[in-house]
Structures are given as C-alpha cells and as structure tokens.
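Analysis of the macromolecular model
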Amino acid sequence: MKKAIKSLLILVSTLGMVACGETSNVSSTTPVSSQSSEQVKKLVFPTDVKIYKNLDDYKLSPIWIGEGRTESITYSFNSEYIDIDEEGVVTPIKKGFSKVTATTPTQSYDFQIEIKDSNEFRFAADIPEMENLYKEHDSPKETNLFMGDSFFDPRASRGFWTSFYDDFAGKNVFCEGIAATQINDWMVMRDELIRAVAPKNVFIHLGTNDINDAGNTGVIVGNEMKTFVEYLHSDLPDTHFYIFGIEESTNKDFAKNSKKREQANELYRSFADSVDYATYLDSPSRFNDKLDQVLKPDGLHPNAEGYKIYVDMTKDLVD
C-alpha cells in the first residue's frame, strides 16, 4: 500500500536491530520538553489491535492520561511479523501475533498486535461494494463524502440513511457508511474508500460502535479519532474534515455508556478546535433534547426526523 505520511507531530530516530534480529526498536519523540521535574502523564495504548496484509497500514495511537508532560517512546516488536517505522506506522509482514512494548524513561506499556490476511477483514466484501457504488454515481470529483458507521449507511438493503441522495438532491455528495464499523476499520480502508475519492470535505460519523460494541473508553475513542483524522489529513492536505459527535441512546444496553460518549465528544471537540482542517459538529446537543422523537424503536439509530438534523447541520457546508 502507498503511504503518504507527513507527520509534524513526531520527531523520530531509528535505533536499528538488536540481539539476533528478531526484535526491533524504534524510538519516537513527542513534541514536548524532554526533561522536567513536572509530573509525567500515564501512557496507554489500545490493546485489541488488528492489522491486515494487503490493506492499509496502521498508525499507532499513544494515549496520554492525566496532568503533566509526555515523554519520548521506544517501541520494541517482533520484526518477523511486523515493522514499525520511524513515524509509528505498523506494516504487516506475516500472519500471527507480535508483542509490542512501548517504553519511556519512566514507564512501559505492553500490548499485542494481531496480523491477519485481508480476506479475514470482516468488512472485506464492503470495500468493492462501495467502490462500485462510487462508479455508479459517476465517480464524483471534489465531492462531499459522508462516511462512517450504520448511521451513514445509504444502502437500501441495510435500512438506515436510505433517503440520503433525495435529502441532498442537486448536491455533489457521496455516501459510503458501513454498518458496524469502528474507527480502526476505516483506518485500514482509507486508501480504497477515502483517499481514492479525494473529496473536498469529509463528514465522519464514528465512535458509537467503538463504545457500545468494543467497550472502549471515551479517552481511547477520542484519541483514535484524532489519530485517524491526522492520518487522513496527511493523505489529503486540502480536504476539510467534519467530525460528528456520538449521540445518546435510549436503548438500556447502551444508555449506560453516556459518560464514555461525553468524554469522547469532548476530545473530538478539543482536537477539532486545535487544528484548522477539522470542525466538530455538535449533533448530540441537537439529538439529546428530543431522543424519543428522532430515534428508531431500537433507541439507537436515527429515524427520518433524526436524519433531518444531519441535513440541516450540513446543507450550507456542501455544494
């Protein structure tokens, strides 16, 4: 896969192979002061990381929790199975598992990366289907791309945003939401389904399944969104990214995750506010005042009134 990564957030140096060549170390430095008596933030990583051969590479997403400063990180990994380059991008080599140890001057964190074949990717069949839909819509250039989870899935067979093209009649838009997807699923599909489209604007609705299905914390989801959009920006520097918040649910199984959603949304907002290429769209505030009126009986997905909110929020942003 092609990589077009121009990271301005990480200064890096490669340390080379050690021991018998089975383990590699890569050192990366985050943009903070290198030495200080100030308290150090706690380092964590997402623990359930899957990458796929012949699909896009995966960008490591270090998460710093608490007050204080961050530190330089050295990654140790099994080079038989993966490679981690000087910008923290993981490339699959061989199917299997690799332990990764992220080490700083004061702490370390272990996590595992699973390497799978591309045909094991649970959304492998959706990629050519979306590529075909793009062709069926005459492969629009400089389009406004709506992408994400089931909320933005336009396929009649799925029964979600089936009115999308009527809602944006006469507008240069394309929609390729895929039900059940999480942020990192789009990380490995971004070349085929986002970069290849080269959109003018991207409207993202992701995070619901990361919290409700994967059980991730709001901190993990917020940081993964940040990494995802930074990576997209490296690929598409002239594209603007609009990030929808994660709406509340009246489904009792999901309503308990309210605090996680609030935490993720705050991180979505603070990231978007910190860069000039992203904007946070506060759909939760529009939904949450009238959930019973804008959600389907499942208490999660928007009904026709809910989709009107998305249209109203974006109609002046698309052309």
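Residues numbered from 1 in each chain as written. Predicted model: local features only at pLDDT ≥ 70, side-chain atom pairs only at ≥ 80, totals over all residues. Heavy atoms only, no water.

So, the overall build of the chain
Each helix and strand in the chain was counted, giving eleven helices and 16 strands. For the chain, the residues scored as buried account for 54% of the 319 residues in total. Intrachain contacts of the chain at a sequence separation of at least 6 include 70% that bridge at least 24 residues. Total accessible area computed for the chain in this model is approximately 14,300 Å², and 48% of it derives from carbon and sulfur atoms. (Helix = DSSP H or I, 4+ residues; strand = E, 2+ residues; numbered from the N terminus. Buried < 20%, exposed > 50% of the residue type's maximum accessible area, 1.4 Å probe, protein only. Contact = heavy atoms within 4.5 Å. Areas by Shrake-Rupley, 256 points an atom, 1.4 Å probe, with all protein chains shown as cover.)

Focus on the sheet that holds strand 8 (residues 82-84)
With respect to topology, three strands assemble into an open sheet ordered 5-9-8, the strand pairing being antiparallel. At either end of the open sheet lies a strand with only one pairing partner, and these are strand 5 (58-59) and strand 8. Bridge count between strand 8 and strand 9 (residues 89-92): three bridges; the pairing is antiparallel. Within strand 9, the residue paired with Ile 84 across the bridge is Val 90. (Pairing = 2+ DSSP bridges.)

Some details on the pattern of salt bridges
Counted by the stated rule, this structure contains 23 salt bridges. Residue Asp 56 pairs with Arg 190 through a salt bridge whose shortest N-O separation is 3.7 Å. Of this pair, Asp 56 sits in the loop between strand 4 (48-52) and strand 5 while Arg 190 sits in helix 4 (residues 190-195), and the two are 134 residues apart along the sequence. Judged by its relative accessible area of 3%, Arg 190 is buried. Of the charged contacts, one joins Glu 248 and Arg 261 as a salt bridge, the two residues approaching to 2.9 Å between their closest N and O atoms. Linking Glu 248 in the loop between strand 15 (240-244) and helix 7 (252-255) with Arg 261 in helix 8 (residues 258-274), this pair joins segments that are 13 residues apart in sequence. The exposure class of Glu 248 is buried, given its relative accessible area of 14%. Residues participating in the shared-partner salt-bridge network are Asp 126, Glu 129, Asp 153, Arg 155 and Arg 158. (Salt bridge = Lys/Arg side-chain N within 4 Å of Asp/Glu carboxyl O.)

Here we look at unusual backbone geometry
The backbone phi angle of Asn 54 is positive, close to 70°, even though this residue is not glycine. Among the secondary structure elements, Asn 54 is positioned in the loop between strand 4 and strand 5.

With respect to the sheet that holds strand 12 (residues 144-148)
Pairing within the open sheet is parallel, and its five strands lie in the order 13-12-14-15-16. A strand with exactly one partner marks an edge of an open sheet, and here the two such strands are strand 13 (173-175) and strand 16 (278-281). Across the sheet, the axes of successive neighbouring strands diverge by a mean angle of 20°, strand direction being ignored. Judged from the three bridges that link them, strand 12 and strand 13 form a sheet pairing that is parallel. Within strand 13, the residue paired with Phe 146 across the bridge is Cys 175. Here helix 8 sits on the sheet in contact with strand 15 and strand 16, set at roughly 145° to strand 16. Helix-sheet contacts for helix 11 (residues 304-314) involve strand 12, strand 14 (201-205), strand 15 and strand 16, and the interaxial angle to strand 15 is about 150°. (Axes fitted to C-alpha atoms, helices over the stretch in contact; angles between N-to-C directions.)

Some points on the nonpolar core
Among the nonpolar cores identified, the biggest contains 61 residues, and Ile 82, Ile 113, Ile 204 and Phe 228 are the most heavily contacted of them. Among the elements that take part in this core, helix 6 (residues 218-235) stands out by supplying six residues, more than any other. Contact partners of Ile 82, with chain neighbours within four places excluded, come to Ile 51, Phe 77, Val 90, Thr 91, Ile 93, Ser 98, Val 100, Ile 113 and Ile 115. (Core = buried A, V, L, I, M, F, W, Y, C linked by side-chain atoms within 4.5 Å.)

Focus: the environment of Ala 304
If you trace the backbone, Ala 304 turns up in helix 11. By relative accessible area, which is 56% here, Ala 304 ends up exposed. Once the C-alpha coordinates of Ala 304 and Phe 160 are considered, the two residues, 144 residues apart in sequence, prove to be 9.4 Å apart.

A few points about the confidence of the model for the chain
Per-chain confidence: the chain averages 90 in pLDDT, with 88% of residues scoring 70 or above. pLDDT under 50 marks residues 1-22. Its contacts with residues more than four places away, or in other chains, come to 52 contacts. Taken as a whole, residues 29-34 scores under 50 in pLDDT and shows 14 contacts with residues more than four places along the chain or in a different chain. (pLDDT = per-residue confidence, 0-100.)

Digging into the layout of surface pockets
In this structure, the second largest pocket spans a volume of roughly 440 Å³. Surrounding the second largest pocket, 22 residues form its lining, Asp 48, Lys 50, Gln 182, Asn 184 and Asp 185 being those nearest its centre. Looking at the lining of the second largest pocket, the elements with two or more residues in it are strand 4, strand 11 (108-116), helix 3 (183-187) and helix 6. Looking at the lining of the second largest pocket, the element that brings in the most residues is strand 4, giving four residues. (1 Å grid on protein atoms, 1.4 Å probe; cavity = no way out; pocket = protein on both sides within 12 Å on 5 of 7 lines; lining within 4 Å. Points joined across faces, edges and corners; volume = space filled by probe spheres on them.)

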